[in-house]
Amino acid sequence: MQNQFDLTEDQVAIQDMAKKFTADAITPFAAEWDEKSHYPVDVWKAAGELGFGAIYVSEESGGTGLGRLEAALIMEAMAYGCPATSAFISIHNMAAWMIDCFGSADLKQRFLPDLLSMDKIASYCLTEPGSGSDAAALKTTARLEGDHYVLNGTKQFISGAGYNDIYVVMVRTSDNGAKGVSCLVVEKDTPGLSFGAPEKKLGWNASPTAQVIFEDCRVPVANRVGAEGDGFRFAMMGLDGGRLNIGACSLGGAQRCLDEAVKYTKERQQFGQPVADFQNTQFMLADMATDLEAARALLYMAAAKVTANAPDKSRFSAMAKRLATDSGSEIVNKALQLFGGYGYLRDYPIERFWRDLRVHSILEGTNQVMRMIIGRDLLRQ
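Criteria and cut-off values
- Residues numbered from 1 in each chain as written.
- Predicted model: local features only at pLDDT ≥ 70, side-chain atom pairs only at ≥ 80, totals over all residues.
- Heavy atoms only, no water.
- Buried < 20%, exposed > 50% of the residue type's maximum accessible area, 1.4 Å probe, protein only.
- Helix = DSSP H or I, 4+ residues; strand = E, 2+ residues; numbered from the N terminus.
- Pairing = 2+ DSSP bridges.
- Phe/Tyr/Trp six-rings, centres within 6.5 Å; stacked < 30°, edge-to-face > 60°.
- Core = buried A, V, L, I, M, F, W, Y, C linked by side-chain atoms within 4.5 Å.
- Contact = heavy atoms within 4.5 Å.
- Expected span 1.5 Å × (residues − 1).
- Arc of directions from axis to C-beta.
- Disulfide = S-S within 2.5 Å.

A.B. asks: Which parts of the structure should I look at to understand the pairing of strand S1 (residues 122-125)?
C.D. replies: Residues Ala 122 and Tyr 124 line one face of S1 and the alternating positions Ser 123 and Cys 125 line the opposite face, and both faces are buried. Where S1 and strand S4 (residues 166-172) come together, four bridges link them in parallel fashion. Bridge pairing in S4 links Tyr 124 to Val 168.

Spelled out as structure tokens, the structure:
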């Protein structure tokens, strides 16, 4: 009889496929991608062939039609090799999901086929230089002129900016606060669209980040996703899934570093015995494994709630994101300590995960904002 907390056979098969893809196509190359700031576009195409470009796009639209737990399993498995690569798959999927869920039949027909195969790759543009946590304060304007919108403004911290083909952009179509935000699909070669220089970052070097700049950029009204004024609602609906995915990326990175630490401490000798024989080492490993399993259990439960559209899904997504990203970074930090001086060297993978996972408690809503969401929801009852 199946335990209710076990993964189903299908979920295990999806997880195994993602693990094998990661072991073959990501893990052996991730350190080089990090060192050379290489964006592995060829790997995206291979991921697209496995359906990883359309994880929760509906089957009617040609997607895989999976739930949020299956998506989390894929992200977690891929982050074991490279969190930056895994996180980017999440961003692409959020953009494709938004077009599938809220776009017109014409919009879907024009953009989805290439996005699903990952022949074209999507960026998601919400954040601006002056609006991070306060996303509804965005200032990028879209002025209606006939059958086009004219866009002016700048988006900040956009993954894939300058490389990717499609930009799903939140813009201001009226001064009506959150209700004045609309969503447009902008193609890379649109006149008036340009990109800032790639940012020099602490981590996530395998995923380029830059400003996206609109200067009298004309976008057809036919490229609007949903109705005018609905953009912010779409953005908020996308965040539950995005938070689960980034939490799952932290789980995958933490699992990798725990595995590496177990292996290293068994091999490393000090005072005439393996470091793993010291009780302190065992206690550290025990806490790392316990914290990881606790975060994983909460994240999987939150994913099931988002798939089921449970009334408390946003609170649980925020809880899971907060715990998984904080715990993930703490586990990697402890792994680095167990490696000693060698953990600080680029010859070993720990420092890369230490750098890559640090941003997870900032993006998809900071962990302080997660606490606000949880607290507000508790007091609303």
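Anyway, onward from the coordinates.
A.B. asks: So what exactly am I meant to see when it comes to the packing of aromatic side chains here?
C.D. replies: Enumeration according to the criterion identifies 14 aromatic pairs in this entry. Where Trp 44 meets Phe 88, the ring centres are 5.3 Å apart and the plane angle is 45 degrees; that geometry is what we call tilted. Residue Trp 44 is found in helix H3 (residues 41-49), and its partner Phe 88 is found in helix H5 (residues 83-102); the two are separated by 44 residues along the sequence. Note on Trp 44: relative accessible area 1%, which makes it buried. Looking at Phe 88, the relative accessible area reads 1%, which means it is buried.

A.B. asks: For this particular structure, what's the right way to read the nonpolar core?
C.D. replies: The nonpolar side chains of a soluble globular protein tend to be buried, and buried together. Formed by 95 residues in total, the largest nonpolar core has its most connected members in Phe 21, Ile 89, Met 98, Tyr 124, Met 170, Met 288 and Leu 299. In terms of residues, this core owes the most to one element, helix H7 (residues 231-267), which gives 13 residues. Judged by nonpolar contacts, the second largest core, of 17 residues, contains Ala 142, Tyr 149, Leu 184 and Cys 217.

A.B. asks: I would appreciate a short explanation of helix H10 (residues 350-358) in the present structure.
C.D. replies: Residues spaced three or four apart along an α-helix face the same direction, because each turn holds 3.6 residues. In terms of burial, H10 is a largely internal element, seven of the nine residues being buried. Of the residues making up H10, those classed as buried are Ile 350, Glu 351, Arg 352, Phe 353, Arg 355, Asp 356 and Leu 357. Looking at the buried positions of H10, the neighbouring elements they touch are helix H2 (30-36), helix H4 (68-79), H5, H7 and helix H9 (313-339).

A.B. asks: Whenever I open this one, helix H11 (residues 367-380) confuses me. Can you help?
C.D. replies: Here H11 contains 14 residues, and its C-alpha end-to-end distance of 20 Å stays within 8% of the 20 Å for a straight helix at 1.5 Å per residue. When H11 is considered as a whole, its buried residues turn out to be Asn 367, Val 369, Met 370, Ile 373, Ile 374 and Asp 377. The buried side chains of H11 occupy one side of the element, clustering within an arc of 155 degrees when seen end-on. Exposed side of H11, more than 90 degrees from the buried face: Gln 368 and Leu 379 are the residues found there.

A.B. asks: Help me understand unusual backbone geometry, please; the structure alone is not making it clear to me.
C.D. replies: Residues other than glycine predominantly adopt negative phi, and peptide bonds predominantly adopt the trans conformation. Phi at Phe 271 takes a positive value of approximately 55 degrees, unusual for a residue other than glycine. Here Phe 271 falls in the exposed class, since its relative accessible area comes to 77%. For Glu 364, which is not glycine, the phi dihedral falls at a positive 60 degrees.

A.B. asks: Quick question: what am I supposed to make of the side chain of Ser 361 here?
C.D. replies: Of note, Ser 361 is situated in the loop between H10 and H11. You can call Ser 361 buried: its relative accessible area is 13%. Look past the residues within four positions of Ser 361 in its chain and what remains in contact with it is Lys 321, Thr 325, Asp 326, Thr 366 and Asn 367.

A.B. asks: Help me understand the pairing of strand S2 (residues 141-145), please; the structure alone is not making it clear to me.
C.D. replies: Each regular strand carries side chains that alternate between the two faces of the sheet. Sheet analysis places S2 next to strand S3 (residues 148-159), joined by five bridges and oriented antiparallel. The residue bridging Glu 145 from the neighbouring strand is His 148, located in S3. Counting the residues between successive antiparallel strands, the hairpin from S2 to S3 contains two residues, one of them, Gly 146, with a positive phi of roughly 65 degrees.

A.B. asks: Just to check I follow, could you spell out the state of the cysteines for this structure?
C.D. replies: Structurally, a disulfide amounts to a covalent bond that connects the sulfur atoms of two cysteines. Counted according to the given criterion, the structure contains zero disulfides. The cysteine Cys 125 is free of any disulfide, with Cys 183 supplying the nearest cysteine sulfur at 9.7 Å. This cysteine, Cys 249, is not joined by any disulfide, and Cys 82 carries the nearest cysteine sulfur, 9.4 Å off. Owing to a relative accessible area of 0%, Cys 249 belongs among the buried residues under this scheme.

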